[in-house]
Amino acid sequence: MTEEKQTVLLGLTLRELTEFVEDVGQPSYRGRQLYEALYRQRLGSAEQISTLPQEFRQSLRQRGLSLGVPTIEKKFVSSDGTVRYLIGFGDGQSVETVWMPEGDDGEAGDGSEAGSEIEKAAGRSWDRTTICVSSQVGCAVDCQFCLTALLGVKRNLTAGEIVGQVCAVLKDQNFSPPENRVNIVFMGMGEPFLNYDNFMRAVRLLVEGVGIPESRMTVSTAGIVPRIYDLGAEPVRPKLAISLNAPNDELRSRLMPINRKWNLEKLVAAARDFPLRNREKLTFEYVLLDEVNDSAQSARELGELIRGVRAKVNLIALNPGPGIAFQTPAENRVAQFQKILIAAGVPTFVRRPRGRDIYAACGQLKRTVELAAS
Ligand code: SF4
């Protein structure tokens, strides 16, 4: 690491922390102690690391180094148990991170169906949760149904800021993987594949440092095709979800301008080529917009488009928001869409919206939305 530039330790690997402590004349095992303090114990400041000698803790401070754990600036609690966190960083920027106890009842981050009967029978559903993590401040992708898009993109998050969201929330909730089961979905603010290197570094730190298995992580992309191929080549990687939202180019380009760069032919080809592991399935996400992409014809077209891909479809009825020009479809339209896909042989689930009342649901994350309730 470059000591002059680096002011925070969160985001460094075990090797980098070990190099750092050796550089400042400490025995190499102190690197492991720092690593454990950051990622396992998730301590907030160097003073709290009781395994380190007092003078080393002081010298960290004198060198202007901090652990770099982000701060929880606000917390909105939904009537359904979902918590929307506003998480702040050193430069004054902030993102949102969402805590969803007991999964989201439609898709668990590990690919099982959340709240399954087997789980409930085993009495295990109480200690599972899904954390929805942001990868950028704002987003540049401009999906027309998404509140985050209205922010534009301010900057990429560092790996430490991505991991830091998880550490801060776990600490606040007193949750501790691997004892408590945690799923991570990279579906918050931002397009993870436009911040690929930091996102992947964060994934490795979450696996090795925090102790969350990669099989319990899912990354969602709007369709950055070259990075789909890169992800497929990673030795450690989350599962892949593709935000599809339309069954043809005309409609998709209207809803997601990124489709003009990588169209459905390229996107579905990348999905077909994606090297799935045993029992792994790809996820296609499809936000249903009333009278726009939710007709029976669209459902049939979608079934054709993804025929033969080992995938499931998650349907999300639009979460409404100010400044969004679309409406939420009626339940019977959602049910009809699901039925047609299932009849076409595509496993299809309807995701229960979480935290709509606090703007924590999919596509609703927007830092500037201020709510009185908490
Ligand atoms: S849906 Fe995702 S990729 Fe699209 S604008 Fe919103 S945050 Fe960005």
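Coordinates for the structure precede this section.
Residues numbered from 1 in each chain as written. Predicted model: local features only at pLDDT ≥ 70, side-chain atom pairs only at ≥ 80, totals over all residues. Heavy atoms only, no water.

S.K.: Please provide a residue-by-residue account of the pairing of strand 1 (residues 71-77), values included.
M.R.: Relative to strand 2 (residues 83-88), strand 1 is paired through six bridges, and the arrangement is antiparallel. The partner of Ile72 across the bridge, within strand 2, is Ile87. Taking the residues between adjacent antiparallel strands as the criterion, strand 1 and strand 2 are bridged by five residues, where Gly81 takes a positive phi near 95 degrees. (Pairing = 2+ DSSP bridges. Helix = DSSP H or I, 4+ residues; strand = E, 2+ residues; numbered from the N terminus.)

S.K.: Could you give an account of the site of the ligand, naming the residues involved and the relevant values?
M.R.: Within the structure, the ligand sits among Cys139, Val141, Asp142, Cys143, Cys146, Ala149, Gly190 and Ala222. In terms of residue class, the shell around the ligand is made up of six nonpolar, one polar and one charged. (Near = heavy atom within 4 Å. Nonpolar A, V, L, I, M, F, W, Y, C, P; charged D, E, K, R; others polar.)

S.K.: Before we move on, could you go through the sheet that holds strand 12 (residues 348-350) and cite the residues and values that matter?
M.R.: Note on sheets: strands pair through backbone hydrogen bonds, and any given pair is parallel or antiparallel. In spatial order, the strands read 1-2-3-4-7-8-9-10-11-12; together these ten strands make up an open sheet with mixed pairing. Two strands in the sheet have a free side with no partner beyond their single neighbour: strand 1 and strand 12. Along the sheet, successive strands turn relative to each other by an average axial angle of 25 degrees, direction set aside. Where strand 11 (residues 311-317) and strand 12 come together, three bridges link them in parallel fashion. Paired with Leu315 across the strands is Val350, a residue of strand 12. (Axes fitted to C-alpha atoms, helices over the stretch in contact; angles between N-to-C directions.)

S.K.: Report on the packing of aromatic side chains, specifying residues and quantitative values.
M.R.: Each aromatic ring pair is characterised by the separation of its centres together with the angle its planes make. The final tally for this structure, using the stated rule, is seven aromatic pairs. Here the aromatic rings of Phe186 and Phe199 are separated by 5.0 Å at their centres, their planes lie at 80 degrees, and the arrangement is edge-to-face. Separated by 13 residues along the polypeptide, Phe186 in strand 7 (residues 181-186) and Phe199 in helix 6 (residues 196-210) bring together distant segments of the chain. Accessibility assignment for this pair places Phe186 and Phe199 in one class, buried. Assessed through its relative accessible area of 0%, Phe199 is described here as buried. The ring of Tyr196 is capped by Arg227, whose NZ or CZ atom sits 5.9 Å from the centre of that ring. (Phe/Tyr/Trp six-rings, centres within 6.5 Å; stacked < 30°, edge-to-face > 60°. Buried < 20%, exposed > 50% of the residue type's maximum accessible area, 1.4 Å probe, protein only. Lys NZ or Arg CZ within 6 Å of the ring centre and 35° of its normal.)

S.K.: Give me the lowdown on helix 2 (residues 29-40), citing residues and values where you can.
M.R.: Here helix 2 is twelve residues long and its end C-alpha atoms lie 16 Å apart, about the 16 Å a rise of 1.5 Å per residue gives. Turning to helix 2, its buried residues number three or more, namely Arg30, Gly31, Gln33, Leu34, Tyr35, Ala37, Leu38 and Tyr39. Tucked into the core, helix 2 has its buried residues touching helix 1 (14-23), helix 3 (54-62), helix 5 (159-173) and helix 6. In the segment just after helix 2, Arg42 is the residue with positive phi, at about 55 degrees. (Expected span 1.5 Å × (residues − 1). Contact = heavy atoms within 4.5 Å.)

S.K.: Explain the nonpolar core to me, and be specific about the residues and the numbers.
M.R.: Soluble, globular proteins show a tendency: their nonpolar side chains are buried together. Within the largest apolar cluster, 106 residues are counted, with the highest numbers of intra-cluster contacts made by Leu9, Phe145, Phe186 and Phe284. In terms of nonpolar packing, the next biggest core, distinct from the first, is built from six residues, Val98, Met100, Val185 and Met187 among them. (Core = buried A, V, L, I, M, F, W, Y, C linked by side-chain atoms within 4.5 Å.)

S.K.: Got a sec to walk through the packing of helix 5 against helix 6? Specific residues and values, please.
M.R.: Close contact between helix 5 and helix 6 brings their axes to 7 Å; oriented N to C, the two are set at 40 degrees. Of the possible angle classes, the one that applies to helix 5 and helix 6 is oblique. For the pair helix 5 and helix 6, the crossing hand works out as right-handed. For the pair formed by helix 5 and helix 6, the contact residues are Ala159, Ile162, Val163, Val166, Cys167 and Leu170 on the first element and Asn198, Phe199, Arg201, Ala202, Leu205, Leu206 and Val210 on the second. Per-class residue counts for the contact of helix 5 with helix 6 are eleven nonpolar, one polar and one charged. (Parallel < 35°, antiparallel > 145°, perpendicular 65-115°, else oblique. Left-handed = near helix turned anticlockwise from the far one by under 90°.)

S.K.: An account of helix 10 (residues 296-305) is requested, with residue identities and associated values reported.
M.R.: Listed as buried for helix 10 are Ala296, Ser298, Ala299, Leu302 and Gly303. Buried residues of helix 10 fall within an arc of 160 degrees about the axis and therefore sit on the same side. Structurally, helix 10 contributes buried residues whose contacts are with strand 10 (282-288) and helix 11 (331-343). (Arc of directions from axis to C-beta.)

S.K.: Which residues make up the pattern of salt bridges, and what values do they have?
M.R.: Applying the stated criterion across every chain, the model contains 17 salt bridges. For the salt bridge of Arg155 with Asp91, the shortest nitrogen-to-oxygen distance reads 2.8 Å. With Arg155 in strand 6 (residues 153-156) and Asp91 in the loop between strand 2 and strand 3 (94-101), the pair connects residues that are 64 residues apart, well separated along the chain. In this structure, Arg277 engages Glu214 in a salt bridge whose closest nitrogen and oxygen atoms are separated by 3.3 Å. Of the two residues, Arg277 sits in the loop between helix 9 (264-273) and strand 10 while Glu214 sits in the loop between helix 6 and strand 8 (217-221), which places them 63 residues apart along the sequence. When its relative accessible area of 31% is taken as the criterion, Arg277 is described as partly exposed. Classification of Glu214 by relative accessible area gives partly exposed; the value is 22%. Beyond isolated ion pairs, a larger network of salt bridges with shared partners links Asp290, Glu291, Asp294 and Arg333. (Salt bridge = Lys/Arg side-chain N within 4 Å of Asp/Glu carboxyl O.)

S.K.: Can you break down the environment of Phe337 residue by residue, with the values?
M.R.: With respect to the secondary-structure elements, Phe337 resides in helix 11. Each C-alpha atom, one on Phe337 and one on Leu302, is 9.9 Å from the other, the two residues being 35 residues apart in sequence. Filtering out sequence-adjacent residues up to four positions away, Phe337 remains in contact with Tyr286, Leu288, Asn293, Asp294, Ser295, Ser298, Ala299, Leu302 and Leu315.

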